[in-house]
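# Descriptive structure summary
So the chains spell out like this:
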Amino acid sequence: MQQDQVAIHDLVRRAQDGWNAGSGEGFTAPFAEHADYVLVNGNHVKGRAAIAAGARTDFSAVFKDSNNIYTVEDVRFIRPDVAIAHIHQYLKYHDRETTQDAKARSTWVLTKDDGKWSVAAFQDTLIALSKQ
């Protein structure tokens, strides 16, 4: 399980790095092809390609030059090939003339196929939003 823990932490870091690079493809590279993604506003997006397209749109608008820090709170293995991870997110972005800070907690359902972990489902929940 230690190797799986490391692999999951790496997967989370890759998603974070993709976000911070402003890359829809980089952000969603760790997602399964048919992943489910529920955003903080309740929208439900299905499939890595659709999730990447939405991220590209956001990265060219509201989340342009944003920074998102992911911290793995816990990982629980349901089975050797299925895990649930809770991730704390701290997002800083610019909204017109103000800087926004958002804190969220996301739940990731991860599956392991052919020795590789991927995000099968992602649910984002807003904790706090503040303007500076």
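Calculation rules
- Residues numbered from 1 in each chain as written.
- Predicted model: local features only at pLDDT ≥ 70, side-chain atom pairs only at ≥ 80, totals over all residues.
- Heavy atoms only, no water.
- Phe/Tyr/Trp six-rings, centres within 6.5 Å; stacked < 30°, edge-to-face > 60°.
- Helix = DSSP H or I, 4+ residues; strand = E, 2+ residues; numbered from the N terminus.
- Buried < 20%, exposed > 50% of the residue type's maximum accessible area, 1.4 Å probe, protein only.
- Pairing = 2+ DSSP bridges.
- 1 Å grid on protein atoms, 1.4 Å probe; cavity = no way out; pocket = protein on both sides within 12 Å on 5 of 7 lines; lining within 4 Å.
- Points joined across faces, edges and corners; volume = space filled by probe spheres on them.
- Nonpolar A, V, L, I, M, F, W, Y, C, P; charged D, E, K, R; others polar.
- Salt bridge = Lys/Arg side-chain N within 4 Å of Asp/Glu carboxyl O.

Attention now goes to the packing of aromatic side chains. On inspection of all chains with the given rule, the structure shows 13 aromatic pairs. Centroid distance W19 to F63: 5.2 Å. Interplanar angle 50 degrees. Geometry classified as tilted. Within this pair, whereas W19 is found in helix α1 (residues 2–20), its partner F63 is found in the loop between α3 (48–59) and β3 (67–79), the two being separated by 44 residues in sequence. By relative accessible area, which is 9% here, W19 ends up buried.

Two faces, one strand: in a regular strand the side chains alternate between the faces of the sheet. Direction of pairing for strand β1 (residues 31–38) relative to strand β2 (residues 44–46): antiparallel, over a ladder of three bridges. Each residue of the ladder has a partner; that of D36, found in β2, is K46. Hairpin connection, β1 to β2: the antiparallel pair is bridged by five residues, and G42 has positive phi, about 95 degrees.

In this structure, the largest pocket occupies an estimated 520 Å³ of space. If you go around the largest pocket, you meet 27 residues; those closest to its centre are W19, L39, V40, F63 and D124. Contributions of two or more residues to the lining of the largest pocket are made by α3, β3, β4 (82–95), β5 (98–113) and β6 (116–131). Residues that form the lining of the largest pocket fall into these classes: 19 nonpolar, five polar and three charged.

Checked against the element boundaries, Y93 lands in strand β4. Each C-alpha atom of the pair Y93 and D65 lies 7.0 Å from the other, and the pair is 28 residues apart in sequence.

This brings us to the pairing of β3. Two elements, β3 and β4, share eleven bridges in a ladder whose sense is antiparallel. Counterpart to V72 in the pairing with β4 is I87. Connecting β3 to the next strand, β4, in antiparallel fashion are two residues.

Turning our attention to unusual backbone geometry. In this structure, D65 takes a positive phi of about 60 degrees despite not being glycine. In this model, D114 sits at a positive phi of 50 degrees, which is unusual for a non-glycine residue. As for its placement among the helices and strands, D114 is situated in the loop between β5 and β6. Taking the relative accessible area as the measure of exposure, D114 reaches 85% and is therefore exposed.

A complete count under the given rule lists eight salt bridges for this structure. For the salt bridge of D10 with R14, the shortest nitrogen-to-oxygen distance reads 3.3 Å. Here R14 and D10 lie together in helix α1, a separation of four residues that amounts to about one turn. Residue classification places D10 among the partly exposed residues on the basis of a relative accessible area of 30%. Judged by relative accessible area, which is 31%, R14 ranks as partly exposed. A network of salt bridges, in which partner residues are shared, links D10, R13, R14 and D17.

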